[in-house]
Amino acid sequence: MHPQGRYRTPLLLVLTLLLVFTVLSLSLKRSPALRKVQGLVVAMTAPGLEGLSYVGRSAKQLWLGYFYLVGVRRQNAELQRQLEEFKQRGVHFQEAEQALTRLEALLDLKRQVALPVIGARVIAYDPTLWSRSAIINQGKAQGVKEGLPVLAPQGIVGRIVEVYPEYSKVMLIVDRKSSADAMIQRTRVRGMLKGKGGNRGSLEFVPKSADVQVGDLVLASGLVGLYPKGLVFGKVTAANKKNPGVFQEIEVTPSVDLSTLEEVLVVKVATLTLTEP
Amino acid sequence: MIAPLIAFSLVGLLIFYVQNLVLFPYVHLRLLALLLFYVGLRPSLSLTLALGLVLGCLQDSYATTPFGLHLGASLVLVAMARFSRRRLLLQQLGFQALAGLAALALQEVYLQLVTFMLGYQPLFSHDLIRVHGMEILGTAALGPLMHLLVQLVPDALRGLGWRPRSEPMPYRPFGE
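Just so you know, these numbers come straight off a predicted model, no measurement behind them.

Reading the values: the criteria
- Residues numbered from 1 in each chain as written.
- Chains lettered and ligands numbered in written order.
- Predicted model: local features only at pLDDT ≥ 70, side-chain atom pairs only at ≥ 80, totals over all residues.
- Heavy atoms only, no water.
- 1 Å grid on protein atoms, 1.4 Å probe; cavity = no way out; pocket = protein on both sides within 12 Å on 5 of 7 lines; lining within 4 Å.
- Points joined across faces, edges and corners; volume = space filled by probe spheres on them.
- Helix = DSSP H or I, 4+ residues; strand = E, 2+ residues; numbered from the N terminus.
- Nonpolar A, V, L, I, M, F, W, Y, C, P; charged D, E, K, R; others polar.
- Pairing = 2+ DSSP bridges.
- Axes fitted to C-alpha atoms, helices over the stretch in contact; angles between N-to-C directions.
- Contact = heavy atoms within 4.5 Å.
- Buried area = accessible area lost by both parts, 1.4 Å probe.
- Salt bridge = Lys/Arg side-chain N within 4 Å of Asp/Glu carboxyl O.
- Polar contact = N/O pair within 3.5 Å; in protein donor to acceptor, adjacent residues only side chain to side chain.
- Expected span 1.5 Å × (residues − 1).
- Buried < 20%, exposed > 50% of the residue type's maximum accessible area, 1.4 Å probe, protein only.
- Core = buried A, V, L, I, M, F, W, Y, C linked by side-chain atoms within 4.5 Å.
- Patch = residues over 30% accessible without salt bridge, like charges linked within 9 Å, V, L, I, M, F, W, Y side chains within 5 Å.
- Areas by Shrake-Rupley, 256 points an atom, 1.4 Å probe, with all protein chains shown as cover.
- pLDDT = per-residue confidence, 0-100.

(A) Fine view of the layout of surface pockets. Put simply, the largest pocket is a space of about 2000 Å³. Along the walls of the largest pocket sit 50 residues, with P153, T260, L261, E262 and E263 of chain A positioned nearest its centre. Listing elements by their share of the lining of the largest pocket, those giving two or more residues are α3 (32-68), α4 (72-101), β1 (117-125), β3 (149-152) and β12 (263-267) of chain A together with α1 (2-23) of chain B. The element that contributes the greatest number of residues to the lining of the largest pocket is α4 of chain A, accounting for 10 residues. Along the lines of polarity and charge, the residues of the lining of the largest pocket split into 25 nonpolar, 14 polar and 11 charged.

(B) Geometry of the sheet that holds strand β4 (residues 155-163) of chain A. All names here are of chain A. Spatially, β1-β2-β5-β4-β3-β12 is the arrangement adopted by the 6 strands of the closed barrel, whose pairing is antiparallel. When strand polarity is set aside, the average angle formed by the axes of neighbouring strands in this sheet is 45 degrees. Of the strand pairs in this sheet, strand β2 (residues 133-136) and strand β5 (residues 168-172) are connected by 4 bridges, and their pairing is antiparallel. Bridging from a neighbouring strand, A134 pairs with V170 of β5.

(C) Region of interest: the interface of chain B and chain A. Each partner contributes residues to the interface: chain B has 47 residues there, and chain A has 42 residues. Here chain B and chain A share an interface that buries about 3700 Å² over both sides, 70% of which is from carbon and sulfur atoms. In this assembly, chain B and chain A are joined by 0 salt bridges. There are 12 residue pairs in polar contact (both at pLDDT 80 or more) connecting chain B and chain A.

(D) Examining helix α4 (residues 69-87) of chain B more closely. The terminal C-alpha atoms of α4 of chain B, which comprises 19 residues, lie 27 Å apart, in line with the 27 Å expected from a rise of 1.5 Å per residue. Counted residue by residue, α4 of chain B has 14 buried out of 19 residues, so it is predominantly covered.

(E) Spatial organisation of the nonpolar core. Judged by nonpolar contacts, the single largest core of 55 residues is most densely connected at F8, L35, F37, Y38 and Y62 of chain B. Here L35 of chain B is in contact with F8, V11, G12, I15, L55, M146 and V150 of chain B, once residues within four sequence places are set aside. With 43 residues, the next largest nonpolar core counts A120, V150, I156 and V236 of chain A among its residues.

(F) Layout of a nonpolar patch on the surface. Residue and element names in this part refer to chain B. Together, V109, L113, F116, M117, L123, F124 and I129 make up a nonpolar patch on the protein surface, roughly 610 Å² of accessible area in all. Of all the elements, helix α5 (residues 93-117) adds the most residues to the nonpolar patch, at 4 residues. With respect to the helices, strands and loops of the structure, L113 is situated in helix α5. Overall, the relative accessible area of 39% leaves L113 in the partly exposed class.

(G) Spatial organisation of the confidence of the model for chain A. Residues and elements named next belong to chain A. On average, residues of chain A carry a pLDDT of 81, and 84% of them reach 70 or more. Helix α1 (residues 3-6) is the least confidently modelled element of chain A, averaging 60 in pLDDT, while β5 averages 94, the highest of any element. In this model residues 102-113 is a low-confidence stretch, pLDDT under 50, and it forms 17 contacts with partners more than four residues away in sequence or in other chains. Long-range and interchain partners of residues 271-277, a stretch whose pLDDT sits below 50, account for 13 contacts in this model, where long-range means more than four residues apart.

(H) Here's a closer look at the pairing of β4 of chain A. Residue and element names in this part refer to chain A. For β4, a buried count of 8 out of 9 residues is recorded, marking the element as mostly surrounded by other parts of the structure. Here β3 pairs with β4 via 4 bridges, running antiparallel. Residue pairing in the sheet places A152 in a bridge with G155 of β4. Counted between consecutive antiparallel strands, the loop separating β3 from β4 contains 2 residues. Between the end of β4 and the start of β5, which pair antiparallel, lie 4 residues.

(I) Local environment of empty space enclosed by the protein. All chains considered together, the criterion is met by 3 cavities of 30 Å³ or more. Looking at the largest cavity, its volume works out to about 220 Å³. Those elements that place two or more of their residues in the lining of the largest cavity are α1, α2 (31-40), α3 (45-62), α4 and α5 of chain B. In terms of residue class, the lining of the largest cavity is made up of 12 nonpolar, 6 polar and 2 charged. A volume near 50 Å³ is recorded for the second largest cavity. The wall of the second largest cavity is formed by I173, V174, L193, R200, G201, F233, G234, V252 and P254 of chain A. Listed by contribution, the elements that provide at least two residues to the lining of the second largest cavity are β10 (232-240) and β11 (249-254) of chain A. The residue inventory of the lining of the second largest cavity, partitioned by class, reads 6 nonpolar, 2 polar and 1 charged.

This is the structure in structure tokens:
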């Protein structure tokens, strides 16, 4: 064998390992160069996805809105939207009622829910099972910044983790890296909502003595300031006190179907305005 | 190498689009990994490595996992494909599918280990194993189809006038 050929494979192996570990360590240090690479790849590939998604959506709308059931679909969508709006309002009213019963008389009940928002369309997801993220078609040019919360009509979707010139990456609340301060609406018990991958999360650090039941609503506590207080994360779908340790095992299913998102809102200010009289 | 790299990258991008727009969230398959494995069984190592980098970058850009995770996983597949090609001299589709299954399993081990080391998730978590296992089996079963697709790309390129360096120019009678 030629001496050059003899060392080719080990050399390639060493270079490859070096490359992988360099890139990984740069990524952990949040290197701007790698972010630029990511931004470039997204900027080059996302328009294709956006275009195809638009064509698919238009064809689907043409079929469903005209050929399939003219008018009925529009009416159904309007009713669905109204229902979601009333559900969300219902949660807000319950919140206000509980605040009254705790003699929070100073709190102005005219809650200013009109947050400054940017409308965005979800154009892509990470199709692998290793992370839960989505790409939206609003970026730095539209005023999107890292850390801003992203909402859907039914509740919280996630937060912005990367901003590119025309696109942004949203880490969904079920991503394994996602965590947020949350509370049970009924009992005001607080915990840390952590993503578990798939379409579920868990409310952690809740003592076994706390009253948590299946069906309880889990809301953003607003304490860390990441998500606006009172917005819905999801519902408790399982609560186990028989596990070892001092904390309960609480499974939370998001109120938003995070796999079929279409339009979302990016909240420019992550705090609700509460005016005192 | 440039023409096949562009062609296979476009095929990869198309597969990524199909996964995103059609299969997600109901069907999870590692089609890009399978594409890379079957391209790895072809003669050119440089093409496979370059395609591994392109596909790894594409997947890393859309994920929240650290950049480099899918890149490394692509290189594991390239290594497995080259090993299968040189040591096992795979010719039959069935054996290729089995080697693909082994490569995907090894890639899964790599991904589990790295995500565990980065503190991203517990090692071989029970709920993940079953889902990922099904995903890997389903992907490996599509091996023969991917083999056909990978054969189709150079044929299409040849139709456009491209020839690999190792292949002699077609005979043309002198004076034509």
